[in-house]
Amino acid sequence: MCSSDLVGTFKLGEGYEVEDYKLMGDKKKDIYVWEVMVMKHVGNHGSGTSSTINAKTGEIISFSDPGSWGKDEKETKYSKEKLLKKAKQIIKNVSPEKYKKVEYIEDKNEDLIYGDNNISSFLFVRKVNGIKVENDGFRITLSSATGDVVSYNYNWSDLEFESPDNIVQKDKA
């Protein structure tokens, strides 16, 4: 995956500038993350957001476009089905190997939460040995008006999972 391929996926509206950035890490765990803060100044006010990037792999961990929330575009141009296809394609582009290990989980309350904001949010949960891994996967929120990424969050633990063959069944637990 070339970083230029991500530019079209993860883009901010006009007027945002890098305000600050810092490298954070845990030497013992060999984990390093860039946190980049961007700001848009309008008069005496401003809006900002931070994004996080794995400093070793270049993987985007989180991204948010605060400018996309305030747009006056209320007309829906993208159906939920088209946005779901786009969300799947984003994961395939960003992390093709992890895409093979996730399952889309439809949230029955999603329309109630996001419908008035003209955005759709999609949750893809990691599965190991057919079992869902809580808090591992991707959440992508897209604008129904523009198709742009409003927010993107990715979490993936490096835990090794044993085969479920020797696990006590639910009724015996």
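Model, not experiment: these values are computed from the prediction.

S.K.: Lay out the overall build of the protein with the relevant residues and their values.
M.R.: Scanning the protein for helices and strands turns up four helices and eight strands. Mapped in sequence order, the helices and strands of the protein form the string α-β-β-β-β-α-α-β-α-β-β-β. Counting only contacts in the protein whose residues sit at least 6 apart along the sequence, the fraction spanning at least 24 positions is 49%. Per element, the accessible surface of the protein, about 11,800 Å² overall, is 49% carbon and sulfur.

S.K.: Report on helix H2 (residues 80-94), specifying residues and quantitative values.
M.R.: Helix length check: H2, at 15 residues, gives a terminal C-alpha distance of 21 Å against a target of 21 Å (1.5 Å per residue), a fit within 8%. Of all the residues in H2, the buried ones are Leu83, Leu84, Ala87, Ile90, Ile91 and Val94. Looking down the long axis of H2, one finds its buried residues gathered within 115 degrees of arc, a one-sided arrangement. In H2, the exposed positions angled more than 90 degrees off the buried face are occupied by Glu81, Lys82 and Lys85.

S.K.: Tell me about the side chain of Lys98, and name the residues and values.
M.R.: Along the chain, the position of Lys98 falls in helix H3 (residues 96-99). Note on Lys98: relative accessible area 17%, which makes it buried. With sequence-adjacent residues up to four places away left out, Lys98 is seen in contact with Glu59, Phe138, Tyr154 and Trp156.

S.K.: Could you give an account of the pattern of salt bridges, naming the residues involved and the relevant values?
M.R.: Under the counting rule described, the total for this entry stands at six salt bridges. Ionic pairing is found between Glu97 and Lys100, a salt bridge with its closest N-O pair at 3.2 Å. Note on Lys100: relative accessible area 61%, which makes it exposed. In this structure, Glu103 and Lys127 form a salt bridge, with 2.8 Å as the shortest nitrogen-oxygen distance. Taken as a pair, Glu103 in strand S5 (residues 102-105) and Lys127 in strand S6 (residues 119-128) lie far apart in primary sequence, 24 residues in all. Overall, Glu103 belongs to the partly exposed group, its relative accessible area being 31%.

S.K.: Can you lay out the sheet that holds strand S8 (residues 149-155) for me, pointing to particular residues and giving the numbers?
M.R.: In spatial order, the strands read S1-S2-S3-S4-S8-S7-S6-S5; together these eight strands make up an open sheet with antiparallel pairing. Looking along the sheet, the strands with just one partner apiece sit at the ends: strand S1 (17-26) and S5. Sheet twist, expressed as the mean angle between neighbouring strand axes with direction ignored, is 20 degrees. Contacts from H2 reach S5, S6, strand S7 (131-143) and S8 within the one sheet, and its direction differs from that of S6 by about 45 degrees.

S.K.: Quick one: what's the story with the nonpolar core, residue by residue and with numbers?
M.R.: One finds Ile90, Phe122, Phe124, Phe138, Ile140, Leu142 and Tyr152 to be the most contacted residues of the largest nonpolar core, which totals 18 residues. Only strand S4 (60-64), H2, S6, S7 and S8 provide two or more residues apiece to this core. No other element matches the six residues that H2 contributes to this core.

What counts, and where the lines are drawn
Residues numbered from 1 in each chain as written. Predicted model: local features only at pLDDT ≥ 70, side-chain atom pairs only at ≥ 80, totals over all residues. Heavy atoms only, no water. Helix = DSSP H or I, 4+ residues; strand = E, 2+ residues; numbered from the N terminus. Contact = heavy atoms within 4.5 Å. Areas by Shrake-Rupley, 256 points an atom, 1.4 Å probe, with all protein chains shown as cover. Expected span 1.5 Å × (residues − 1). Buried < 20%, exposed > 50% of the residue type's maximum accessible area, 1.4 Å probe, protein only. Arc of directions from axis to C-beta. Salt bridge = Lys/Arg side-chain N within 4 Å of Asp/Glu carboxyl O. Pairing = 2+ DSSP bridges. Axes fitted to C-alpha atoms, helices over the stretch in contact; angles between N-to-C directions. Core = buried A, V, L, I, M, F, W, Y, C linked by side-chain atoms within 4.5 Å.

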